[in-house]
Amino acid sequence: MSFAALLGIALLIGAVTILGIALVSYMSSLARSAHELKVEMRKDLDDGIRRVETEMIKQTKWARGDLMAKVERSRGAMLEDLGRRQQDIQAALTAEIAKRDTAWTAEREGLTTTIAQLEERIATLEQRLRSRSRQGEPTAETAPPNTEVATPRCCPTSRRKPRPPAAATRRPTPPPAERAAAEPVHEKGEWGE
């Protein structure tokens, strides 16, 4: 082999070695930049997640505050409505109680007036009774019983026939001694016993 062939083979081996070293260094730089890119992406992702969490916390606090404000407004409106309804019910009950109290007072006054009128009539009748007893006219105790039956006030056009008084239809009861003598005495065995 000649010197030129050896030199060509040596140069070829050197070029392949340099090319391999360059390829390995290029691959290592690519791996390093990929690792750096991965680290940066993870860092950016963590920063984004932190920002999203912070925003979510802020939004949650804002929504909670807004919700609490709405709840307070709703509670205030409900309490106001409840108070208004309670006042309406109380006013209606007070009016009903006053109306019934007025009706009861009027009824009581009417009864008092009726009782007073009845007492006056009783007093007038007692005076008439006394004056008649002084004059010798028959009174309710000494007068014969009234045989007329009064027509009920509920139906003045009633056409009932008046019943005779109970005293007129009933037979007088004999004294006990006469009753015992009039009843037949049954001896034992007379009826088949």
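Residues numbered from 1 in each chain as written. Predicted model: local features only at pLDDT ≥ 70, side-chain atom pairs only at ≥ 80, totals over all residues. Heavy atoms only, no water.

## Points about the overall build of the protein chain
At step 1: Scanning the protein chain from terminus to terminus reveals three helices and zero strands.
At step 2: Each helix (α) and strand (β) of the protein chain, taken in turn from the N terminus, gives the series α-α-α.
At step 3: Within the protein chain, the fraction of its 193 residues that count as buried is 1%.
At step 4: As presented, the protein chain carries roughly 18,600 Å² of accessible surface, and 61% of it is formed by carbon and sulfur atoms. (Helix = DSSP H or I, 4+ residues; strand = E, 2+ residues; numbered from the N terminus. Buried < 20%, exposed > 50% of the residue type's maximum accessible area, 1.4 Å probe, protein only. Areas by Shrake-Rupley, 256 points an atom, 1.4 Å probe, with all protein chains shown as cover.)

## A short note on the pattern of salt bridges
At step 1: Summed over all chains, the structure comprises nine salt bridges.
At step 2: The salt bridge involving R84 is made with D88; its shortest N-O contact spans 3.7 Å. Here the residue R84 and the residue D88 both occupy positions in helix α1 (residues 3–135), the gap between them amounting to four residues, near one helical turn.
At step 3: Owing to a relative accessible area of 45%, D88 belongs among the partly exposed residues under this scheme.
At step 4: Between K99 and E96 there is a salt bridge; the shortest N-O distance is 3.9 Å. Of this pair, K99 and E96 both sit in helix α1, separated by three residues, roughly a single helical turn.
At step 5: Take K99: its relative accessible area is 53%, and that puts it in the exposed class. (Salt bridge = Lys/Arg side-chain N within 4 Å of Asp/Glu carboxyl O.)

## Re the confidence of the model for the protein chain
At step 1: Residues with a pLDDT of 70 or more make up 69% of the protein chain, whose mean pLDDT is 79.
At step 2: Mean pLDDT values for the elements of the protein chain range from 49 in helix α2 (residues 166–169) up to 92 in α1.
At step 3: Between residues 154–158, whose pLDDT stays under 50, and residues either more than four places distant or in other chains, the model counts two contacts.
At step 4: Contacts for the low-pLDDT stretch residues 189–193, under 50 throughout, to residues beyond four places or in other chains number two contacts. (pLDDT = per-residue confidence, 0-100. Contact = heavy atoms within 4.5 Å.)

## Digging into a nonpolar patch on the surface
At step 1: Taken together, the side chains of L23, Y26, M27 and L30 present a nonpolar region at the surface, about 420 Å² in accessible area.
At step 2: Assignment of secondary structure puts L23 in helix α1. (Patch = residues over 30% accessible without salt bridge, like charges linked within 9 Å, V, L, I, M, F, W, Y side chains within 5 Å.)

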